[in-house]
Amino acid sequence: NAGVTQTPKFRVLKTGQSMTLLCAQDMNHEYMYWYRQDPGMGLRLIHYSVGEGTTAKGEVPDGYNVSRLKKQNFLLGLESAAPSQTSVYFCASTDGGVQETQYFGPGTRLLVL
Amino acid sequence: GDSVTQMEGPVTLSEEAFLTINCTYTATGYPSLFWYVQYPGEGLQLLLKATKADDKGSNKGFEATYRKETTSFHLEKGSVQVSDSAVYFCALSLYNFNKFYFGSGTKLNVKP
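Residues numbered from 1 in each chain as written. Chains lettered and ligands numbered in written order. Predicted model: local features only at pLDDT ≥ 70, side-chain atom pairs only at ≥ 80, totals over all residues. Heavy atoms only, no water.

Details of the overall build of chain A
- The helix and strand tally for chain A stands at zero helices and eleven strands.
- Start at the N end of chain A and walk to the C end: the helices and strands fall as β-β-β-β-β-β-β-β-β-β-β.
- Taken over C-alpha atoms, the radius of gyration comes to 13 Å for chain A, in line with the 13 Å a tight globule of 113 residues would show.
- Seen along its three principal axes, the alpha-carbon backbone of chain A occupies a region of about 40 × 30 × 25 Å. (Helix = DSSP H or I, 4+ residues; strand = E, 2+ residues; numbered from the N terminus. Rg over C-alpha atoms; globule rule 2.2 N^0.38 Å.)

Regarding the layout of surface pockets
- One number sums up the size of the largest pocket: a volume of about 670 Å³.
- Lining the largest pocket are 32 residues; nearest its centre among them are Q37(A), R109(A), Q38(B), G41(B) and V87(B).
- At the level of elements, β9 (87-94) and β11 (108-112) of chain A together with β10 (86-94) and β12 (106-111) of chain B are the ones that each hand at least two residues to the lining of the largest pocket.
- Per element, the largest residue contribution to the lining of the largest pocket is four residues, and it comes from β12(B).
- Its residues assigned to classes, the lining of the largest pocket shows twelve nonpolar, 15 polar and five charged.
- Here the second largest pocket defines a volume of roughly 270 Å³.
- Along the wall of the second largest pocket there are 16 residues; nearest its centre are L43(A), R44(A), E59(A), Y101(B) and F102(B).
- Looking at the lining of the second largest pocket, the elements that each hand over two or more residues are β5 (43-49) of chain A together with β1 (3-6) and β11 (99-102) of chain B. (1 Å grid on protein atoms, 1.4 Å probe; cavity = no way out; pocket = protein on both sides within 12 Å on 5 of 7 lines; lining within 4 Å. Points joined across faces, edges and corners; volume = space filled by probe spheres on them. Nonpolar A, V, L, I, M, F, W, Y, C, P; charged D, E, K, R; others polar.)

Without other data, these values stay purely geometric and don't point to any function.
If you want it as structure tokens, here you go:
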């Protein structure tokens, strides 16, 4: 039982390049989330999904797109990377219900030059 | 709007000292409250949670009590260890597509 995994662990991009971050969970969770973590700002929600085929915007969605084609996978895309997107990205999942715990992946460190 | 405010760090303590990290929240409904811990280079892990007023969450010597009257969920530990050095996040969840709101995190450094 791997829990939540993220690929890649680290990536360097040049401004304007594109990339996709992959999140996978093996707990059959309905809800999945993408956050970014910046110094002094805690975690900010980028996009989330309440089930296969659904996505919704979070607090800071601009510059990112997401897809949830399979229940176990949640992809985060950057179409044209900018230095402001340098951050650590975390994926999380939960089974639903206000009492449920979020399970986090190990994070992806992204540097945009 | 819904939000979480926690004390800024870093907090530096000597081993075996008493720890308090303050957390207050604003929520329109009846949230569940959580403390997560993040060790260097890792993702967040659940430390403890409380789902209704006056509940006490506890784990690994840490405790926090859900105080509705003061909208607080302060984290305490009677005797910290070097291995407790990490960043601690207070969070709340509301039954709104399970959105979670996180505080900005408090870094704890414990010196031997």
